[in-house]
Amino acid sequence: SPGPNTILCAAHGTIHGFKSTLKLIFGQGVGFFLVGMAIALSMDIIENYSVVMFTLKYVGAAYILYLSVKIAKSPVTKSEQTNEDLLGFKTGATMQLVNPKSFVYFTLLISIYSTRVGEGVSIKIMIICISTVIGVASVLFWAYFGSKIKKLLSDQNKAKKMNIILGILLALVVVNILFQ
């Protein structure tokens, strides 16, 4: 499903191009993997303390909403862009650490589905690695798609509208997170 990672990569690809989005994607991949490992290593704590998931849900939603506003307000031409506008590795990794969808995804994956394959740390690591590869492939596609949209949106008004639409879509992910 289009979540914060895919929408952010599509928007960033549209604004900055595919190559400039690679650091963001790499950060997302590393952060996604680390979240998966943290979940796998702390399943007992997560299952016993629902307040952690509750808090993460709202902190993550606030961060994703912040990113949606940043996308909606992004400049539409290269002459207006600065290196400060680029989202890099740190943003990609940080987003995973506050992304409630990542935590819920890995909690379900590790607690329910990995047990169907087998027990043990090696099974969990294998599943986390496969999920990370699939997730990175997905956001690579969305960033590439976003970079191709950029060529279609050479008109500043159309480009600004696209930024607003992508920002709104990301904000709708927050609504989905909060009411799920």
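Rules behind the numbers
Residues numbered from 1 in each chain as written. Predicted model: local features only at pLDDT ≥ 70, side-chain atom pairs only at ≥ 80, totals over all residues. Heavy atoms only, no water. Helix = DSSP H or I, 4+ residues; strand = E, 2+ residues; numbered from the N terminus. Buried < 20%, exposed > 50% of the residue type's maximum accessible area, 1.4 Å probe, protein only. Contact = heavy atoms within 4.5 Å. Areas by Shrake-Rupley, 256 points an atom, 1.4 Å probe, with all protein chains shown as cover. Core = buried A, V, L, I, M, F, W, Y, C linked by side-chain atoms within 4.5 Å. Expected span 1.5 Å × (residues − 1). Patch = residues over 30% accessible without salt bridge, like charges linked within 9 Å, V, L, I, M, F, W, Y side chains within 5 Å. Salt bridge = Lys/Arg side-chain N within 4 Å of Asp/Glu carboxyl O. Phe/Tyr/Trp six-rings, centres within 6.5 Å; stacked < 30°, edge-to-face > 60°. Axes fitted to C-alpha atoms, helices over the stretch in contact; angles between N-to-C directions. Parallel < 35°, antiparallel > 145°, perpendicular 65-115°, else oblique. Left-handed = near helix turned anticlockwise from the far one by under 90°. Nonpolar A, V, L, I, M, F, W, Y, C, P; charged D, E, K, R; others polar. pLDDT = per-residue confidence, 0-100.

Undergrad: Got a sec to walk through the overall build of the protein? Specific residues and values, please.
TA: A count of helices and strands for the protein gives 8 helices and 0 strands. When the helices and strands of the protein are listed from N to C terminus, the series reads α-α-α-α-α-α-α-α. By residue count, 44% of the 180 residues in the protein fall in the buried class. For the protein, the share of sequence-separated contacts (at least 6 apart) that also reach a separation of at least 24 residues comes to 84%. With the model as given, the accessible surface of the protein reaches about 9900 Å², and the carbon-plus-sulfur share is 68%.

Undergrad: Requested: an account of the nonpolar core, with residues and values cited.
TA: By size, the foremost hydrophobic cluster in this structure holds 19 residues, and its most contacted members are Leu8, Cys9, Ile71 and Leu170. Looking at this core, the elements with two or more residues in it are α1 (4-16), α2 (18-41), α4 (50-72), α7 (121-152) and α8 (156-178). Top element by residues in this core is α8. It accounts for 5 residues. With residues up to four places along the chain from it excluded, the contact list for Cys9 reads Thr21, Leu24, Ile25, Gln28, Val139, Trp142 and Ala143. In terms of nonpolar packing, the next biggest core, distinct from the first, is built from 13 residues, Phe32, Val35, Met37 and Phe103 among them.

Undergrad: Quick one: what's the story with the environment of Ile168, residue by residue and with numbers?
TA: Note that Ile168 resides in helix α8. Residues Ile168 and Ala72, 96 residues apart in the sequence, show an inter-C-alpha distance of 7.3 Å.

Undergrad: How would you sum up α1? Please name residues and give values.
TA: For α1, built from 13 residues, the straight-helix expectation of 18 Å at 1.5 Å per residue is met to within 8% by its first-to-last C-alpha distance of 17 Å. Among the 13 residues of α1, 13 are classified as buried, and the element is accordingly described as predominantly covered.

Undergrad: Can you explain a nonpolar patch on the surface? Please cite residues and give values.
TA: A cluster of nonpolar residues, Ile164, Ile165, Ile168, Leu169, Leu172, Val175 and Phe179, forms a patch on the protein surface that exposes about 670 Å² of accessible area. Position of Leu169 among the secondary structure elements: in helix α8.

Undergrad: Report on the packing of aromatic side chains, specifying residues and quantitative values.
TA: Counting across every chain of the model gives 8 aromatic pairs. When the ring of Phe32 is compared with that of Phe106, the centres are 4.6 Å apart and the planes differ by 50°; the resulting orientation is tilted. Here Phe32 is found in helix α2, whereas its partner Phe106 is found in helix α6 (residues 100-117), with 74 residues between them in sequence. Relative to Phe145, the ring of Phe141 lies with its centre 6.3 Å away and its plane at 15°, an arrangement referred to as stacked. Of this pair, Phe141 and Phe145 both sit in helix α7, separated by 4 residues, roughly a single helical turn.

Undergrad: Provide a residue-level description of the packing of α1 against α2, including the pertinent values.
TA: Here α1 crosses α2 at 155°, and the two axes come no closer than 8 Å. The angle between α1 and α2 falls in the class roughly antiparallel. Regarding α1 and α2, the two cross each other, and that crossing is right-handed. For the pair α1 and α2, contact is made by Asn5, Leu8, Cys9, His12, Gly13 and His16 and by Phe18, Ser20, Thr21, Leu24, Ile25 and Gln28, respectively. Looking at side-chain class alone, the contact of α1 with α2 contains 5 nonpolar, 7 polar and no charged residues.

Undergrad: Outline the confidence of the model for the protein, listing residues and values.
TA: With 88% of its residues at a pLDDT of 70 or more, the protein shows a mean pLDDT of 81. Confidence, expressed as mean pLDDT per element, reaches its minimum in the protein at helix α3 (residues 43-48) with 70 and its maximum at α2 with 93.

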